[in-house]
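This is what each chain is made of:
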Amino acid sequence: MPPPTSPPALLAERRRVLASVVGRTLAIPLGTPGPPLPAERLEHLGGELESLYWNDLEWENLTEEERMEGGSLPELTFPGVLALTRGLLLTEVAADALAAAEPRPEVVEAFLHFLAGRVLALREEAAGLPSEEADRAALELRMTAGLLDRVLVEYHGIAPEDVGTLEDV
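One structure accompanies this document, and this report is about it.

### Let's talk about the pattern of salt bridges
Thought 1: Throughout the structure, instances matching the rule amount to 11 salt bridges.
Thought 2: The partner of R14 in a salt bridge is D149, and the shortest N-O contact between them spans 3.0 Å. Note that R14 is positioned in helix α1 (residues 7-22) and D149 in helix α6 (residues 131-155), a separation of 135 residues in sequence. Assigned by exposure class, R14 and D149 land together as buried.
Thought 3: Among the charged side chains, a network of salt bridges with common partners joins E75, R86, R150 and E154.

### What to know about α1
Thought 1: For α1, spanning 16 residues, the distance from its first C-alpha to its last is 22 Å, which sits close to the expected 22 Å at 1.5 Å a residue.
Thought 2: On its buried face, α1 sits against α5 (105-128) and α6.
Thought 3: Immediately downstream of α1, the backbone of G23 shows phi near 75°, a positive value.

### Quick word on the layout of surface pockets
Thought 1: Its boundaries defined by the atoms lining it, the second largest pocket holds a volume of some 160 Å³.
Thought 2: When contributions to the lining of the second largest pocket are tallied by element, the ones reaching two or more residues are α2 (39-63) and α4 (79-89).
Thought 3: Per-class residue counts for the lining of the second largest pocket are 6 nonpolar, 1 polar and 3 charged.

### Some thoughts on the environment of Y155
Thought 1: Position of Y155 among the secondary structure elements: in helix α6.
Thought 2: It is 7.0 Å that separates the C-alpha atoms of Y155 and L89, two residues lying 66 residues apart in sequence.
Thought 3: Once you skip the residues sitting within four places of it in the chain, Y155 turns out to touch R15, A27, I28, P29, L89, P105, V108, E109 and L112.
Thought 4: Side-chain polar atoms of Y155 contact the side chain of E109, separated by 3.3 Å.

### What about the packing of α5 against α6?
Thought 1: Where α5 contacts α6, the axes come no closer than 9 Å and their chain directions differ by 155°. Between α5 and α6, the interaxial angle falls into the category roughly antiparallel. The chirality of how α5 crosses α6 is left-handed.
Thought 2: In terms of residue class, the contact of α5 with α6 is made up of 19 nonpolar, 1 polar and 6 charged.

Each value, and the rule that gives it
- Residues numbered from 1 in each chain as written.
- Predicted model: local features only at pLDDT ≥ 70, side-chain atom pairs only at ≥ 80, totals over all residues.
- Heavy atoms only, no water.
- Salt bridge = Lys/Arg side-chain N within 4 Å of Asp/Glu carboxyl O.
- Helix = DSSP H or I, 4+ residues; strand = E, 2+ residues; numbered from the N terminus.
- Buried < 20%, exposed > 50% of the residue type's maximum accessible area, 1.4 Å probe, protein only.
- Expected span 1.5 Å × (residues − 1).
- Contact = heavy atoms within 4.5 Å.
- 1 Å grid on protein atoms, 1.4 Å probe; cavity = no way out; pocket = protein on both sides within 12 Å on 5 of 7 lines; lining within 4 Å.
- Points joined across faces, edges and corners; volume = space filled by probe spheres on them.
- Nonpolar A, V, L, I, M, F, W, Y, C, P; charged D, E, K, R; others polar.
- Polar contact = N/O pair within 3.5 Å; in protein donor to acceptor, adjacent residues only side chain to side chain.
- Axes fitted to C-alpha atoms, helices over the stretch in contact; angles between N-to-C directions.
- Parallel < 35°, antiparallel > 145°, perpendicular 65-115°, else oblique.
- Left-handed = near helix turned anticlockwise from the far one by under 90°.

Structure follows, in structure tokens:
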């Protein structure tokens, strides 16, 4: 089977693999009842996720803080992205919370498409650039692909320990 060449195809493939690993159909998160999120608000929240991705990625490239044998862990490399992702998927809050939960899985789904597009672009860069630039792209590819899988796990409400790493699947 040829590798996926579009973000929707890549996401479908990663979801198929994830469902196979957990042995069940993936749950689709419920959003906030009522009217859909206005386009400008959806774009703003998606932009926040993308900004956090770029900031966390750049910080890792500058500091190499989370690099380890076998690759970095998305939880350590992209803490801001994952925190906002969990917040956007939150369905319950403490009884004394000042506001109700307003899950926005549509924002996370849009971000998943962004990440899938980055994975595909980084694959091309890693294969077609001179060696030093290809090495950087390959490293960013591993980090971004790991983040994509981790966000999928969050999105579908799967405990990370039930999945392990999807890198070799």
